[in-house]
Amino acid sequence: MKPILEVKNMTMAFGGLKAIDSLDISIHQGEIAALIGPNGAGKTTFFNCITGIYKPTSGDIFICPHEKQERLNGLKPNIVTKKGLARTFQNIRLFSSMTVLENVMIGCHSITKAGVLGAIFKNAATKAEENFIVEKAYSILEKIGIEMYVDELATNLPYGAQRRLEIARAMATDPFLLLLDEPAAGMNPMETKSLDDLIIKLRDEENVSILLIEHDMKLVMSLSDNIHVVDYGKKIAEGTPEQIKSNPDVIKAYLGDESEDA
Amino acid sequence: MDFDYFSYLFFGGLTRGSIYALIALGYTMVYGIIQLINFAHGEIYMIGAFTGLIIASVLTMMGLPSLAVIIIAAAAAIIYASAYGFTIEKIAYKPLRDANAPRLSALISAIGMSLFLQNYVLLAQTSDFLPFPSLIPDFEFWEPYSHIWTSAELVIFITTVIVMILLTFLIKFTKIGKAMRATSQDKTMASLLGINVNRVITFTFVVGSATAAIGGILIASHIGQINFYMGFIAGIKAFVAAVLGGIGSIPGAVIGALILGWTESFFTGYISSDYEDVFAFLFLVGILILRPSGILGKSETQKV
Amino acid sequence: MTATGEIKKSVLVSLWFMFLTFPIMVIRVNTVQDVVEWRWLNMAYIGIGTFFISMLWRYMIRRKEREGKKEKTDNLSFAQKIILDKKIFIPLVALTGLFIIVFPHMFSMYQTNIMISALIYVMLGLGLNIVIGLAGLLDLGYVAFFAVGAYSYALLNLHYGLVFWLALPLGGFLALIFGVILGYPVLRLRGDYLAIVTLGFGEIIRLVLENWNEFSFGPSGIPNIPKPPLFGVDLSLSGSIIYLYYIIVGLVIFTIFVINRLENSRIGRAWIALKDDEIACQAMGIDKARTKLRAFGLGAMWAGMAGVIFAAKTTFINPASFTIWESVIILCTVVLGGMGSITGVISGALLLILLPEYLRAFSEFRMIIFGAVLVLMMVFRPGGIINNVRKTYKFQKT
Ligand SMILES: Nc1ncnc2c1ncn2[C@@H]1O[C@H](COP(=O)(O)OP(=O)(O)O)[C@@H](O)[C@H]1O
Ligand SMILES: [Mg+2]
């Protein structure tokens, strides 16, 4: 089977700096993959490139959610989302003046279509659509486990809940691939554990594949089917958690650093 | 084509451009440091001109010799404009920065400040045009050329060049100049390195205001009259110049100002003077749409 | 800080301002008669005034900082509580409604005329609120669309005898077209550039109106614009004013209805998301350009309709009514009331337009106060008098 996401030979340069350097990465249906690497390795930049926020300097991005393969290069971020790639942000970017429910409702934007006239006249179709949006958003909140905050302003949420809201919002776009940028950052061990369960639940029940960037090695090792390691924008290793743990390059470039920090 | 007329327009454009450059510098420096369009900058320039006029008139009536009048009035204008720049920053921008307010808020605050200062001068002084004495004498040795480039225009040009050189020196080689450059690249990093960011910002406002005041006196003595509204249109045009050159870039501001000065001069000289301001605005709109980062500005990908 | 410390600081501030305002406030030169007027009293006023303002300023800043810290427990302001409490709000609205209906019969024509002006600003404020308050686009050329509406009616009436009731939608439509045409290239720009470019567009339109005599009759303007007709009935002067008053009241109500609907719709949510975070908004599948263009166009349309009314009210228009400062006044009403909040914008517009009318002594200071209001609001209450409160939804728990 073709991979659902296939990035070939991608490079992203900022001036002289190659934040990503001829990177190849493939993600398969139903897998939980992790992208790891030291700070500044280019992981977030990788997300920004495939979601259309940055324009990669060179390389190809393909998706294949069903049978047909499509090229994503040059598409605007909103189109990429529509095609089924959803993401969260490392530095939380919620809509701060909206409630939690509304944040998730925004995620439904690309799968609904009411326009200005519909909004003004509120015809039957628009009403039905609004109901659909509200109910879908609420059920996602329940699934992610933050339904108790439904009417709170997004900014007033505790940190862990904000990270979860980012996930909820992304799920509302009906993605086939969910890109999580450091979802456990700033969480305590208990919160991290329940995030672990949540990610598995999303994969199993919601039928999404997941690519996550994460520094918490325990989480990465326990969750991932496949791990990609980057350093200075280049891929230095790929494999199962077992393979990665014993890879000398990785230990040198990444796990080595990690153990010094700890 | 009449070569004299062409030269006349050329030097006229050069003079205009020099004045735009003096104002544009303030915009570009402030923008470079805090990414704010200091809408009230044009008003500083106006206040500089008013202060200069008021002080000069008082001193003249007191019977001081004209050279002393020029020097004291110019100094007063520069000092007062800097003081206003300093105060505006403290009142209208710093509290917003401290509160991490969105850029939109800072811009609205700047517009409010501009409106306030215009009307402050209108109420405290007058809404009429005030005649401004010609501070710059006609040099005799320049007489043969004065039909295409008056000696006053020459002085304006030379002053601008001197200010430019001083400013470049300040930014390139002094300690505070280095701090300014560091702050404009990364505020957080700069403050971690022990730079007093607030002081740098204040300093930037003061220097920008001082150059604007120099521009204010020069143009007022060149045109021969001032009013409370003069800062607005000049400010907008200087802003156009700064954007054209690439906002944040000091040589860019000068190049942009000269290009704007020349195009305006030739446009009004050869085509039509009715639409002079329309032209400047169209120019602005065109640049921003076609090349938002300007001639010398670098286009950046916003970090996400 | 200690009280004496506070006073010392305020004295310093007041001395600083006495120095700062010295040339402009104290000296006035009469260059014709060569006399200097020394107004030392002004300096005393400034000194005393700034002393107290400085005390107040620092108190307010500290209070704001304290509030900022405990913001988490989102305490609603008094005004918000009133709006949210249906038991108070609905009778309040009914009462206001009644007052508005009987207004022209209780007060003089002069008052009614002022009220019409104020309501035109309400409409403009609500329209601009779509652009700034909801979508977060700082449009400083809003008055251009107001001009498009006014001139559409005036010119189409002059040349083709177009009647008011056709001009109203047409003026709105033309402004919408203008908004879309102007918006298309500029909406890609970053926020502050957008402000300047729209300002530029506003000035271009005014300057063209001023200089293109064959088209717009230049600075002398267009006189004798008819007031709206009422089914062929010939209205007296006062009758036609009252009629116009009810038309604008109707339009304001229509505007409130539409904006209320929009605000809590898929489109409105997209606007607010765009204002909060452009990048996250796009990542949620929202087309940035289209969403902005919608806000810009709709805002322009409202300005256009308000322009038609304005032309019908004054029966004479010229470019002087459409300067950049008009845009700033409208911006001021939106900012004062509270960006994004309908009740806020209405209160802001009524306050800012009616107060200077009634306090005549005040009116000379109108613009300087507007300037101060913009700065003070941004410093102390960026949310405006009345913060917007988001709608909550009811649902069946699954
Ligand atoms: N928009 C940008 N402009 C310039 N440099 C950038 C930009 N985005 C990222 N970078 C640089 O690219 C490198 C990789 O950053 P990033 O992808 O955020 O790393 P990480 O792996 O920690 O997520 C860093 O050196 C960063 O400074
Ligand atoms: Mg990162």
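What counts as what
Residues numbered from 1 in each chain as written. Chains lettered and ligands numbered in written order. Predicted model: local features only at pLDDT ≥ 70, side-chain atom pairs only at ≥ 80, totals over all residues. Heavy atoms only, no water. Domains from an automatic or database assignment. Contact = heavy atoms within 4.5 Å. Buried area = accessible area lost by both parts, 1.4 Å probe. Salt bridge = Lys/Arg side-chain N within 4 Å of Asp/Glu carboxyl O. Polar contact = N/O pair within 3.5 Å; in protein donor to acceptor, adjacent residues only side chain to side chain. Helix = DSSP H or I, 4+ residues; strand = E, 2+ residues; numbered from the N terminus. Near = heavy atom within 4 Å. Areas by Shrake-Rupley, 256 points an atom, 1.4 Å probe, with all protein chains shown as cover. Donors = N, O, S within 2.8 Å, 3.2 Å for Na, K, Ca; no water. Phe/Tyr/Trp six-rings, centres within 6.5 Å; stacked < 30°, edge-to-face > 60°. Buried < 20%, exposed > 50% of the residue type's maximum accessible area, 1.4 Å probe, protein only. Lys NZ or Arg CZ within 6 Å of the ring centre and 35° of its normal. Pairing = 2+ DSSP bridges. Axes fitted to C-alpha atoms, helices over the stretch in contact; angles between N-to-C directions. Nonpolar A, V, L, I, M, F, W, Y, C, P; charged D, E, K, R; others polar. Core = buried A, V, L, I, M, F, W, Y, C linked by side-chain atoms within 4.5 Å.

Engineer: Explain the domain arrangement of chain A to me, please; I cannot follow it from the model alone.
Structural biologist: Interfaces are frequently sized by the accessible area removed from exposure as the parts join. All names here are of chain A. By domain assignment, chain A separates into domain 1 (1-84 + 175-262) and domain 2 (92-172). Inter-centroid distance (C-alpha atoms) of domain 1 to domain 2 is 26 Å. Each partner contributes to the interface: domain 1 provides 18 residues, whereas domain 2 provides ten residues. With both sides pooled, the region where domain 1 packs onto domain 2 buries about 1200 Å², and carbon together with sulfur makes up 68% of that total. If you look at where domain 1 meets domain 2, you find one salt bridge. Note that Glu206 and Lys143 form a salt bridge whose closest N and O atoms lie 3.4 Å from each other. In this assembly, domain 1 and domain 2 are joined by four residue pairs in polar contact (both at pLDDT 80 or more). For the side of domain 1 that touches domain 2, the secondary-structure elements that each account for two or more residues are strand E7 (177-181) and helix H7 (189-206). Per element, the largest residue contribution to the side of domain 1 that touches domain 2 is seven residues, and it comes from H7.

Engineer: In this structure, what is going on with the site of ligand 1? I would like to understand it.
Structural biologist: Lining the immediate environment of ligand 1, one finds 15 residues, of which Gly40(A), Gly42(A), Lys43(A), Thr44(A) and Thr45(A) sit closest. Mapping the residues adjacent to ligand 1 onto the chains of the assembly identifies chains A and B. Thr44(A) has a polar side-chain atom sitting 2.6 Å from an oxygen atom of ligand 1. Tyr54(A) is positioned such that a nitrogen or oxygen atom in its side chain is 3.1 Å from a nitrogen atom of ligand 1. Burial of ligand 1 by the protein amounts to 77% of the accessible area it has alone, namely 560 Å². Elements that contribute at least two residues to the shell around ligand 1 include exactly strand E2 (17-27) and helix H1 (43-50) of chain A.

Engineer: I'm lost on the coordination of the magnesium ion (ligand 2) in this one. Help?
Structural biologist: Four donors placed tetrahedrally around a metal ideally meet at 109.5 degrees, and six donors placed octahedrally ideally meet at 90 or 180 degrees. On the protein side, the magnesium ion (ligand 2) has Thr44(A) (OG1) and Gln90(A) (OE1) as donor atoms, found 2.0 to 2.1 Å from it. On the criterion of sequence distance, the pair formed by Thr44(A) in helix H1 and Gln90(A) in the loop between strand E6 (85-87) and helix H3 (100-107) is long-range, its members being 46 residues apart.

Engineer: Whenever I open this one, the packing of aromatic side chains confuses me. Can you help?
Structural biologist: Within a pair of aromatic rings, the relevant descriptors are the distance that separates the centres and the angle that separates the planes. Under the counting rule described, the total for this entry stands at 40 aromatic pairs over all chains. Note on Tyr80(B) and Phe19(C): the rings are 4.8 Å apart at their centroids and 25 degrees apart in plane angle, and the pair reads as stacked. Of this pair, Tyr80(B) sits in helix H3 (residues 66-98) while Phe19(C) sits in helix H1 (residues 3-20), which puts the two residues in different chains. Judged by relative accessible area, Tyr80(B) falls into the buried class, the value being 7%. The partly exposed category is assigned to Phe19(C), whose relative accessible area is 34%. Ring geometry for Tyr245(C) against Tyr246(C): centres 5.4 Å apart, planes inclined by 75 degrees, an arrangement best described as edge-to-face. Members of the aromatic cluster, joined through ring pairs, are Phe3(B), Tyr5(B), Phe6(B), Tyr8(B), Phe266(B) and Tyr270(B). The ring of Phe89(A) carries the charged tip of Arg93(A) above its face, separated from the ring centre by 5.7 Å. One residue, Arg169(A), lies across the ring of Phe95(A), its end atom 4.8 Å from the ring centre.

Engineer: Would you mind showing me how to read the side chain of Thr88(A) here?
Structural biologist: Mapped onto the elements of the fold, Thr88(A) is located in the loop between E6 and H3. Contacts of Thr88(A), omitting those with residues within four sequence positions, involve Glu166(A), Ile167(A), Ala170(A), Leu179(A), Leu180(A) and Asp181(A).

Engineer: Honestly, the sheet that holds strand E4 (residues 58-63) of chain A in this entry has me stumped. Any pointers?
Structural biologist: Hydrogen bonding along the main chain pairs the strands of a sheet, whether they run parallel or antiparallel. Residues and elements named next belong to chain A. Strand order in the open sheet made by the four strands is E2-E1-E4-E5, with antiparallel pairing throughout. In the strand order of this sheet, the two ends are held by E2 and strand E5 (70-71), each with one partner. Relative to E4, strand E1 (residues 5-14) is paired through five bridges, and the arrangement is antiparallel. Bridging from a neighbouring strand, Glu6 pairs with Phe62 of E4. Against the sheet, H1 contacts E1, E2 and E4, and its axis sits at roughly 110 degrees relative to E1.

Engineer: Looking at this model, I keep getting lost on the interface of chain C and chain A. Mind explaining?
Structural biologist: Every contact between the two is made by 36 residues of chain C and, on the other side, 44 residues of chain A. The junction of chain C with chain A conceals about 3700 Å² of combined surface from both sides, 60% of it contributed by carbon and sulfur atoms. Counting the contacts that link chain C with chain A gives three salt bridges. Linking Glu130(A) and Arg269(C) is a salt bridge whose minimum nitrogen-to-oxygen distance equals 3.0 Å. Our count for the chain C to chain A interface comes out at nine residue pairs in polar contact (both at pLDDT 80 or more). Of all the secondary-structure elements, those providing two or more residues to the side of chain C that touches chain A are helix H11 (237-263), helix H12 (266-276), helix H13 (278-283) and helix H14 (288-314) of chain C. With seven residues, H12(C) is the single largest residue contributor to the side of chain C that touches chain A. Among the residues forming the side of chain C that touches chain A, the class breakdown is 16 nonpolar, seven polar and 13 charged.

Engineer: What's the story with the interface of chain B and chain C in this structure? I'm lost.
Structural biologist: With 61 residues of chain B at the contact, the number on the chain C side is 61 residues. A buried area of about 5400 Å², summed over both sides, lies between chain B and chain C, and 79% of it is on carbon and sulfur atoms. Our count for the contact surface shared by chain B and chain C stands at zero salt bridges. For the pair chain B and chain C, the interface holds eight residue pairs in polar contact (both at pLDDT 80 or more). Among the secondary structure elements, those contributing two or more residues to the side of chain B that touches chain C are helix H2 (41-61), H3, helix H4 (103-124), helix H9 (230-245) and helix H11 (276-290) of chain B. In terms of residues, the side of chain B that touches chain C owes the most to one element, H4(B), which gives 18 residues.

Engineer: How should I be thinking about the nonpolar core in this particular structure?
Structural biologist: In a soluble, globular protein the nonpolar side chains are often hidden away together inside. Ranked by internal contacts, the top residues of the largest apolar core, which has 275 residues, are Phe46(A) and Phe39(B). Looking at which element gives the most residues to this core, the answer is helix H6 (residues 109-134) of chain C, with 16 residues. Residues in contact with Phe46(A), not counting those within four places in the same chain, are Val7(A), Met10(A), Ile20(A), Leu23(A), Ile25(A), Leu35(A) and Leu211(A). Counting 50 residues, the second largest nonpolar core, distinct from the first, contains Leu101(A), Cys108(A), Ala154(A) and Leu212(A).

Engineer: Quick question: what am I supposed to make of the sheet that holds E6(A) here?
Structural biologist: Residues and elements named next belong to chain A. Spatially, E6-E7-E8-E3-E9-E10 is the arrangement adopted by the six strands of the open sheet, whose pairing is mixed. Each edge of the open sheet carries a strand with a single partner, namely E6 and strand E10 (234-239). Averaged over all adjacent pairs, the angle separating strand axes in this sheet is 20 degrees, with direction ignored. As paired elements, E6 and E7 share three bridges and run parallel to each other. Across the sheet, Arg87 pairs through a bridge with Leu179, a residue of E7.

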